[in-house]
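# Coordinates in review
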Amino acid sequence: MSYTKWSIINTFAAKNIILVTLTLFTGLLYNVLTILIPISIGKFYELSFGFSSHRLAAFKFIPFMDAPDFNSFLVFFFSLVILRLLFEYLNRFGIGLIGERFSKTLREQLFTNQLQISMDVYDKKGIGKYLLRYSGDLKSIQNYMKNGLIRFAQDVVLLGIVVVAIGYFDTLLGVIIACCILISSLVLWGINKALYTVSLERRNKRSGMLSFVNTRLRGIMALKAFNKYRPEEKRYQKRSDNLYNIGKRYVKIVAFLQAIIPAITYGMLGIIMVYVFSSTHDDITKSFQGASLLVLILLIISILPVLRRSLRVSIIWKLGDISFSKLIAIFSLPKENQLPFEEIALGHKEIIFKDVIFGYPDTNKPVFKDLKLSIPPQNTILFQGKSGSGKSTFIRLLLKLMSPSKGQILYGDHCCSELSEKTIRKNVAIVSKDFPLYGRDVYEAIVYNRKEHNKEKAKFLLEHLQQHEDAKNQLQLGSKIGDMGCNLTSGQQKILMYCRALLTRKPILILEEPLKELNTKTQKLLLHMLKSIQDQKTLILLDDHKVQGFDIDKVHYF
Ligand SMILES: Nc1ncnc2c1ncn2[C@@H]1O[C@H](COP(=O)(O)OP(=O)(O)OP(=O)(O)O)[C@@H](O)[C@H]1O
């Protein structure tokens, strides 16, 4: 599916059509009421000073507008105020809700999308960890939706109505005001173009800073152990200085924009005053009647904030556009599971690598060149190779976390490229440091659902595998594991990884460095356990040296 800004907005609007319509409708009502207030003050002027304006008489059709006395006028006036309050509240609530819903939809879509992005993208700088710093972009997109579209549409309608109303009192004045609005919009459009470039630069620098901090926090132990405070502080300071300089350029343009907008609107007022003054003096027949003039002035004053807001909207559009383009780039990244999931038992199939060529993107040295091998079902195969020989890459290919650039990986007669990732992974369990534990506690780390019978099995297996561990090191299902298992020893982590893999009862087991980190007694226990299931499962062992204790059918050297 290809995404564009408008396809995202339209899909959202279609799904929330009732909310959007009601919001626009309340907006229209509240704007009409906003205009009626200055008009009704003209009526007050008539009642107080006895003047009458034939133009104001045209508004008689509005219920209760043509109040015979001051008390009835007051009732009418306060009814207007209360109705306006009600509709403004509903309108603002509606706009806020649209913003919240839009941002909820996008962040959920973003999370789903982020989990589905293919693995090779995660290694790329920036994009892979985008979700960690999405909030700024979602905020400007939310603002785009709320203020750049809905409120702006309402404001344009209000300005349109007011210009028509002013034109009704005086046609030429209406035309003058319309022209002023048009010219100021064009001037501001030009200034905003400069703002766009600076904003984009500022965003990218900010993103870079977050990335920088994130990396330092993940590597905090090394940073402390090697006393790297000063160099890191200096690097951060340099980035911070750059960001400050861009920020300065940004606020310079924004300040100019914000100052020029009131100047433009006051300039417009000046032009209008010149026009009103000259028409009152030059042509006595065309002169404004007192009530009309008052209404005109009040109308103009009441739309000034709206006009300022509308003139400022292109900042919102520009910032929103930057964020939309980022979001669309993320949504358009290659994804996994594009093929339909099928429940296929792959445990009884031979796994074959046929002339597989694989190299990581942006590197010119392939990890595998014409790799040929086979893993018969229910066999135990050891893949032996020193560090960097490609053991982890081999696991990635087996799990379809990455795909070969040439050649084929087959599960029996099923080619990996024709199987969805989910289909393959439903058959394969793994114990490897590359697949860390996560969750609040041990139970969550080893079992994903919280059904009671799973709890019993998990408890049994956990106790069984920990029987030779020191009592103080024995974990319970409720023990906290810390962020990515940081509260656990490497031995505890390994035991939990075994629990996680074995509880899934998947037919193919990948075990990277199967006995490392475990004490001798636990190694023996595990070997005994794995041997008892060796004839039912395909065991794929990976290590940098010979693994003792297993009945190995074949050794493949990388
Ligand atoms: N994300 C990556 N981008 C580029 N090159 C990579 C990437 N991951 C691994 N490599 C390179 O691919 C080769 C194989 O790495 P791999 O991690 O598969 O080896 P390994 O046998 O698992 O090593 P170890 O036992 O130390 O984990 C190495 O030369 C490594 O530098």
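Residues numbered from 1 in each chain as written. Predicted model: local features only at pLDDT ≥ 70, side-chain atom pairs only at ≥ 80, totals over all residues. Heavy atoms only, no water.

By the naming in an unreviewed UniProt entry, the protein chain goes by ABC transporter ATP-binding protein and is assigned to Aquimarina mytili. Annotation of the protein chain in UniProt includes, under Subcellular location (unreviewed entry), the sentence "Cell membrane". (UniProt positions renumbered as here; feature names shortened; annotations may be inferred.)

All chains considered together, the criterion is met by 14 aromatic pairs. With a centroid separation of 5.7 Å and an interplanar angle of 80°, the aromatic rings of F77 and F78 are classed as edge-to-face. On the basis of relative accessible area, F77 is assigned to the buried category, the value being 18%. Among the residues examined, F78 registers a relative accessible area of 48% and is labelled partly exposed. Ring-pair connections join several aromatic residues into one group, and the members of that group are F353, F368, F383, F394 and F558. The ring centre of Y250 lies 4.0 Å from the NZ or CZ of R202, which sits over that ring. (Phe/Tyr/Trp six-rings, centres within 6.5 Å; stacked < 30°, edge-to-face > 60°. Buried < 20%, exposed > 50% of the residue type's maximum accessible area, 1.4 Å probe, protein only. Lys NZ or Arg CZ within 6 Å of the ring centre and 35° of its normal.)

Residues in contact with the ligand amount to 13 residues; listed here are only the nearest, S387, G388, K391, S392 and T393. S387 is positioned with one of its side-chain polar atoms (N or O) 2.6 Å from an oxygen atom of the ligand. The separation between an oxygen atom of the ligand and a polar side-chain atom of T393 is 2.4 Å. In the complex, the protein chains occlude 64% of the 620 Å² of accessible area that the ligand would expose alone. Within the shell around the ligand, the residues separate by chemical class into 2 nonpolar, 7 polar and 4 charged. (Near = heavy atom within 4 Å. Polar contact = N/O pair within 3.5 Å; in protein donor to acceptor, adjacent residues only side chain to side chain. Areas by Shrake-Rupley, 256 points an atom, 1.4 Å probe, with all protein chains shown as cover. Nonpolar A, V, L, I, M, F, W, Y, C, P; charged D, E, K, R; others polar.)

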